[in-house]
Number of protein chains: 2
Amino acid sequence: MRIGELSKRSGVAVPTIKYYLREGMLPPGERTSPNQARYDDTHLHRLRLVRALIDVGGLSVAAVRGILSTVDAPESDMEDLLKTVQKAVLPVPEPAAVDAQSSAEKEIHDLVIELGWDVSPKHFAVEALATVLVTARSLGHDRFLDFIRRYGPIMQQIGVADLDYVVGARTVDDLLEAVVVGTVLGDSVMITLRRLAQASETATRFPGGGDRQSLSD
Amino acid sequence: MRIGELSKRSGVAVPTIKYYLREGMLPPGERTSPNQARYDDTHLHRLRLVRALIDVGGLSVAAVRGILSTVDAPESDMEDLLKTVQKAVLPVPEPAAVDAQSSAEKEIHDLVIELGWDVSPKHFAVEALATVLVTARSLGHDRFLDFIRRYGPIMQQIGVADLDYVVGARTVDDLLEAVVVGTVLGDSVMITLRRLAQASETATRFPGGGDRQSLSD
């Protein structure tokens, strides 16, 4: 198909498609004349993937470019890809003041060991989670480490579900895309389901809507 | 304390504090002269909360202002607060094309009923999750509804843990703040723990790092 039809079928404007082509996020079409090219379903699919990561996943164009270049590099492995995708989706907050931060990182890594997880103490998510812990404590939330501990075994079930989803893919290309889509859209699934589970649990525990009077009883 | 000390202890610049005061996100200090005011620990705490929501939670100033005005309104109840906080943290993507969207919303609501959750079919997270489902399907991920279904009972445990955290608060003010902090920082906890659980599960299933050759075996 011509670029016009690619635009129509994907809902992405022609100048935006040209931009993705220049940035290498979309492979070039098959040249049919000096200024015309033909595109196929693989281009349409790639465009939809780019828009899903940006519009639904909330990623920046730069983050998407990084992920796609890892997917496209023949020498990259699952670990490379997982790390690139995970980082793109998790903007790491500015770490807290050095002392509080490094002792919190130790507490988080101890917790990871307690959970029996095979994870490096240098994993960027250990640092990010430690920053969250320090922040909660600065607000007087002393119970926050217990809150994180309670989440641990629950999130382990999510990790297992994620990997089951990934290994259910039929081809290596599908598998790599399942990592990308599962991680990025999976975060949205998790967050939206959390909202619904909270709403349901709140309705159960505070049947009257929970006005301040009833809360202080 | 004077505004200078408040700035020093909170790490927030004086002009930013003045901006928060003008916007009503921080209550006025006790006036001690026509152009001086005194602040106390409640101001320091509020400033830390604002920065936590912005820096760690990734919320916009407008979203934080909306949450705080709900927290501060004496007539607002738990349901109001939960809805305001939940929406602030979950930017709802542009819904998909009408037909696909409304049938996906029905599928998601059927799933919610299957889970036994007490949630309105009009809940904004039903719409948001339906959009994610439509997006995944447009990428050919036919198994995505099963992926969401698998997440359901796991996220129910998260909802229960969240409400346990909230009701563990000692006062009504603490409880309202626990909703805010638990929801916003809880999303970060959930996402970072998911990264760690995935990394651990990947290391277990693909011990060699998972190069493409071994993946296609």
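Starting from 1, residues in each chain are numbered consecutively following that chain's sequence as written. As a convention, the first chain written is A and the first ligand written is 1, with the rest following in written order. Residue-level local features of this predicted model are given only where pLDDT is at least 70; pairs of side-chain atoms are given and counted only at 80 or more, and the full residue set underlies all totals for whole chains, interfaces and linings. With hydrogens and water set aside, each side-chain value is computed from the structure's full complement of heavy atoms.

Here's the deal with the overall build of chain A
The numbering of helices and of strands both runs from the N terminus, where a helix is a DSSP run of H or I of at least 4 residues and a strand a run of E of at least 2. Across its full length, chain A holds 10 helices and 2 strands. Here the C-alpha atoms of chain A give a radius of gyration of 22 Å, more than 25% beyond the 17 Å that 2.2 N^0.38 yields for 217 residues. Along the longest, intermediate and shortest principal axes, the C-alpha atoms of chain A span 75 × 45 × 35 Å. Exposure categories follow from relative accessible area, calculated using a 1.4 Å probe and restricted to protein chains: below 20% of the type maximum is buried, above 50% is exposed, and the middle band is partly exposed. Looking at chain A as a whole, 52% of its 217 residues qualify as buried. Residues count as neighbours in contact if any of their non-hydrogen atoms are within 4.5 Å of one another. The long-range share in chain A, meaning contacts at least 24 apart out of those at least 6 apart in sequence, stands at 59%. Only the protein chains shown count as cover for residues, and the accessible areas themselves come from Shrake-Rupley with a 1.4 Å probe. Only carbon and sulfur atoms are counted for the fraction: they give 51% of the accessible area of chain A, which is about 9,800 Å². Here the positive residues are Lys and Arg and the negative ones are Asp and Glu; neither His nor the chain ends is included. Taken as the charge centre is NZ of Lys, CZ of Arg, CG of Asp or CD of Glu, depending on the residue. If you average the places of the 24 positive and of the 30 negative side-chain charges in chain A, the two averages end up 7 Å apart. The reference for a compact globule is 2.2 Å times residues^0.38; the radius of gyration itself is calculated from the C-alpha atoms.

Concerning the environment of histidine 45 of chain A
Tracing the chain through its elements places histidine 45 of chain A in helix H3 (residues 41-56). Since its relative accessible area comes to 27%, histidine 45 of chain A is described here as partly exposed. For the pair histidine 45 of chain A and serine 10 of chain A, spaced 35 residues apart in sequence, the C-alpha separation works out to 8.4 Å. Setting aside residues no more than four positions away along its own chain, histidine 45 of chain A makes contact with Glu177 of chain A together with Leu139 of chain B.

Re the confidence of the model for chain A
As a per-residue measure, pLDDT reflects the predictor's confidence and takes values from 0 up to 100. Mean pLDDT for chain A: 87, with 93% of residues reaching 70 or above. Taken element by element, chain A is modelled with least confidence in helix H10 (residues 212-216) of chain A, mean pLDDT 57, and with most confidence in helix H2 (residues 14-22) of chain A, mean pLDDT 95.

Description of empty space enclosed by the protein
Within this scheme a cavity is a closed region of a 1 Å grid, computed over the protein atoms alone, that accommodates a 1.4 Å probe without allowing it to escape, whereas a pocket is open but has protein on both sides within 12 Å along at least five of seven lines; lining residues each have an atom within 4 Å of a point. Grid points are joined across faces, edges and corners, and a volume is the space filled by probe spheres set on the points. According to the stated counting rule, one finds 2 cavities of 30 Å³ or more in the structure shown. Roughly 100 Å³ of volume is contained in the largest cavity. Asp162, Leu163, Val166 and Thr183 of chain A together with Gln198 of chain B are, among the 14 residues lining the largest cavity, the residues nearest its centre. Mapped by element, the contributors of at least two residues to the lining of the largest cavity are helix H5 (78-89), helix H8 (144-167) and helix H9 (172-205) of chain A together with helix H9 (172-205) of chain B. Polar here means any residue other than Ala, Val, Leu, Ile, Met, Phe, Trp, Tyr, Cys and Pro, which are nonpolar, and Asp, Glu, Lys and Arg, which are charged; Gly is therefore polar. Across the lining of the largest cavity, the residue classes break down as 8 nonpolar, 4 polar and 2 charged. As a volume, the second largest cavity reaches approximately 80 Å³. Lining the second largest cavity, in full, are Arg194, Gln198 and Thr202 of chain A together with Met78, Leu82, Asp162, Leu163, Val166, Ala178, Val179, Gly182 and Thr183 of chain B. Examining the composition of the lining of the second largest cavity, we find that 4 residues originate from one element, H9 of chain B, more than from any other. Broken down by class, the residue content of the lining of the second largest cavity amounts to 6 nonpolar, 4 polar and 2 charged.

Focus on the interface of chain A and chain B
Each partner contributes to the interface: chain A provides 91 residues, whereas chain B provides 92 residues. Note on chain A versus chain B: buried area summed over both sides is about 9,100 Å², and carbon and sulfur give 69% of it. Any Lys or Arg side-chain nitrogen found within 4 Å of a carboxyl oxygen on Asp or Glu counts as a salt bridge. Applying the counting criterion to the chain A and chain B interface returns 10 salt bridges. The closest approach of N and O atoms between aspartate 187 of chain A and arginine 195 of chain B, which form a salt bridge, is 2.5 Å. Pairs of N or O atoms are called polar contacts if they sit within 3.5 Å, as long as, within protein, a hydrogen donor faces a hydrogen acceptor (for residues adjacent in sequence, only side-chain-to-side-chain pairs). Counting every contact that joins chain A to chain B gives 28 residue pairs in polar contact (both at pLDDT 80 or more). Broken down by secondary-structure element, the contributors of at least two residues to the side of chain A that touches chain B are H3, helix H4 (61-72), H5, helix H7 (124-138), H8, H9 and H10 of chain A. The leading source of residues in the side of chain A that touches chain B is H9 of chain A, at 28 residues. Note: buried area is the sum, over both parts, of the accessible area (probe 1.4 Å) each one loses when the two are combined.

Quick word on the packing of aromatic side chains
For Phe, Tyr and Trp, rings pair up if their centres lie within 6.5 Å, where Trp contributes its six-membered ring, and each pair is then called stacked (planes under 30 degrees apart), edge-to-face (over 60) or tilted (otherwise). If you walk through the whole model with that rule in mind, you get 10 aromatic pairs over all chains. Their ring planes at 40° and their centres at 5.1 Å tell us that phenylalanine 144 of chain A and phenylalanine 147 of chain A sit as a pair that is tilted. One end of the pair, phenylalanine 144 of chain A, and the other, phenylalanine 147 of chain A, are both in helix H8, 3 residues apart, so they sit about a helical turn from each other. Of the residues examined, phenylalanine 144 of chain A reaches a relative accessible area of 0% and is grouped as buried. Both rings, one in tyrosine 19 of chain B and one in tyrosine 20 of chain B, keep their centres 6.0 Å apart while their planes meet at 50°; by these two values the pair is tilted. The exposure class of tyrosine 20 of chain B is buried, given its relative accessible area of 2%. Here the aromatic residues Phe144, Phe147 and Tyr151 of chain A together with Tyr165 of chain B are joined through ring pairs into a cluster of three or more. Across from the ring centre of tyrosine 165 of chain B, 4.2 Å away, lies the NZ or CZ of arginine 143 of chain A, which sits over that ring. A ring is considered to have a charge above it if a Lys NZ or an Arg CZ atom is located within 6 Å of its centre and within 35 degrees of its normal.

Quick look at the side chain of threonine 202 of chain A
Structurally, the position occupied by threonine 202 of chain A is in helix H9. Setting aside anything within four residues of it in sequence, one finds threonine 202 of chain A in contact with Met78, Leu82 and Leu163 of chain B.

Describing the relation of the copies chain A and chain B
Each copy is superposed on the other by least squares, with the fit set by C-alpha atoms of residues at a pLDDT of at least 70 in both. The operation relating chain A to chain B is a screw motion whose rotation component is 180°, with 0.0 Å of axial translation and a residual RMSD of 0.0 Å. Both copies are brought into coincidence by an operation consistent with a two-fold rotation axis. Identified as the residue of chain A closest to the rotation axis by C-alpha distance is isoleucine 154 of chain A, at 3.2 Å. Looking at chain A, 100% of its interface residues are interface residues in chain B too, so the copies touch through the same face.

With respect to the domain arrangement of chain A
Residue and element names in this part refer to chain A. A domain assignment, automatic or from a database, supplies the domain bounds used here. Here chain A is partitioned into domain 1 (3-56) and domain 2 (88-207). Spacing between the C-alpha centres of domain 1 and domain 2 amounts to 34 Å. Taken together, the contact between domain 1 and domain 2 spans 5 residues of the former and 6 residues of the latter. Interface of domain 1 and domain 2: buried area, both sides summed, is about 420 Å²; carbon and sulfur atoms make up 73% of it. Between domain 1 and domain 2 we count 0 salt bridges in total. Taken together, the links from domain 1 to domain 2 amount to 1 residue pair in polar contact (both at pLDDT 80 or more).

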